[in-house]
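Examining the three-dimensional arrangement
This is what each chain is made of:
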Amino acid sequence: MKKLSFMLVASLLLAGCDKETTLHAGLEERQANLVMAALLDDGIGCHKVPGEEGTWAVMVAESKFAEAVNLLERQGLPRRSHQGIGEVFKKTGMISSPSEERIRFMDALAQDISRTISQIEGVVDARVHVVLPENDPFARNALPSSAAVAIRSRWDCDITEHIPAIKGLVKNAIEGLSYEKIVVTVFRDSPPPKK
C-alpha cells in the first residue's frame, strides 16, 4: 500500500512539472532582461541561460509558451536590431560604385532614424523609408527628398500627439528634406484578450 501511494504521489509531482522550452535565443543580456521583466510582470515564470559568444536564451514552461509569445509580440520584444551607419557602410570589396554607396547611405540613415523612433514610449516598432533622388546639379527642377515613417504602437498608448515631433526629428536628420514631404502613419495594436 505504501509503495502504491508513493508511486501515486510521484506521478502527480511529475505531472505538475512542466517541460521547459526556449522562448528566444541569441539575445544580448539587456534584451534578455527586458523580455524576462515583461514576462515576470505578467506572471509568466522564466529564467535565462547563457548561450554562445556572450548571448542569452530565455526559457519558459511549455504550457506558457503561446501566452509568452503573444505577450512579447504585443510589447514588441525583443526589439528588432538595427544596423548603424558604421555597420552598413562596411566595405566588402576594393571599390564601391556611387550608386552602391548612395543605397548604403540611405539604408543606414533610415535604420538610425528607425532606432531613435523605436525608443519613444509606446512605440513597439518603427520603420523609416527614405527617398533621396539622384538629381543632376545643373537641372532646373530637382526632385525633392521624401520620407515615410510607419509606426506600430501599443494598444494603450496614443502617440498621435508626438507626430509633429517625429516629423521634426526626421526633417532634421535628413539634409534637404522639407517637413511637408514626411508622412507618418501610426498602426495601433489591438488590446490583449481578457484573461
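Conventions we followed
Residues numbered from 1 in each chain as written. Predicted model: local features only at pLDDT ≥ 70, side-chain atom pairs only at ≥ 80, totals over all residues. Heavy atoms only, no water. Pairing = 2+ DSSP bridges. Helix = DSSP H or I, 4+ residues; strand = E, 2+ residues; numbered from the N terminus. Axes fitted to C-alpha atoms, helices over the stretch in contact; angles between N-to-C directions. Buried < 20%, exposed > 50% of the residue type's maximum accessible area, 1.4 Å probe, protein only. Lys, Arg positive; Asp, Glu negative; His and termini not counted. Salt bridge = Lys/Arg side-chain N within 4 Å of Asp/Glu carboxyl O. Contact = heavy atoms within 4.5 Å.

**Side note on the sheet that holds strand β6 (residues 182–188)**
Taken in spatial order, the three strands line up as β4-β5-β6 in an open sheet, and their pairing is mixed. Only two strands of the sheet have a single partner each, and these edge strands are β4 (123–131) and β6. Across this sheet, the average inter-strand angle for adjacent strands is 15 degrees, counted without regard to direction. In the sheet, β4 pairs with strand β5 (residues 146–153) via eight bridges, with the strands oriented antiparallel.

**Structural notes on the side chain of Lys167**
Summarising the element assignment, Lys167 is placed in helix α6 (residues 163–173). No salt bridge forms around the buried Lys167; measuring N to O, its nearest opposite-charge neighbour Glu180 is 7.5 Å away. The residues contacting Lys167, other than those within four sequence positions of it, are Tyr179, Ile182 and Val184.

**So, the pattern of salt bridges**
Summed over the entire model, instances satisfying the criterion amount to eight salt bridges. The residue Arg127 makes a salt bridge to Asp125 at a minimum N-O spacing of 3.9 Å.

**A few points about the sheet that holds strand β2 (residues 46–50)**
The three strands lie next to each other as β1-β3-β2, forming an open sheet whose pairing is antiparallel. Because the sheet does not close on itself, it has two edges, and the strands there are β1 (20–27) and β2. With direction set aside, neighbouring strand axes in the sheet form an average angle of 25 degrees. Summarising the sheet, β2 and strand β3 (residues 56–61) pair through five bridges and their orientation is antiparallel.

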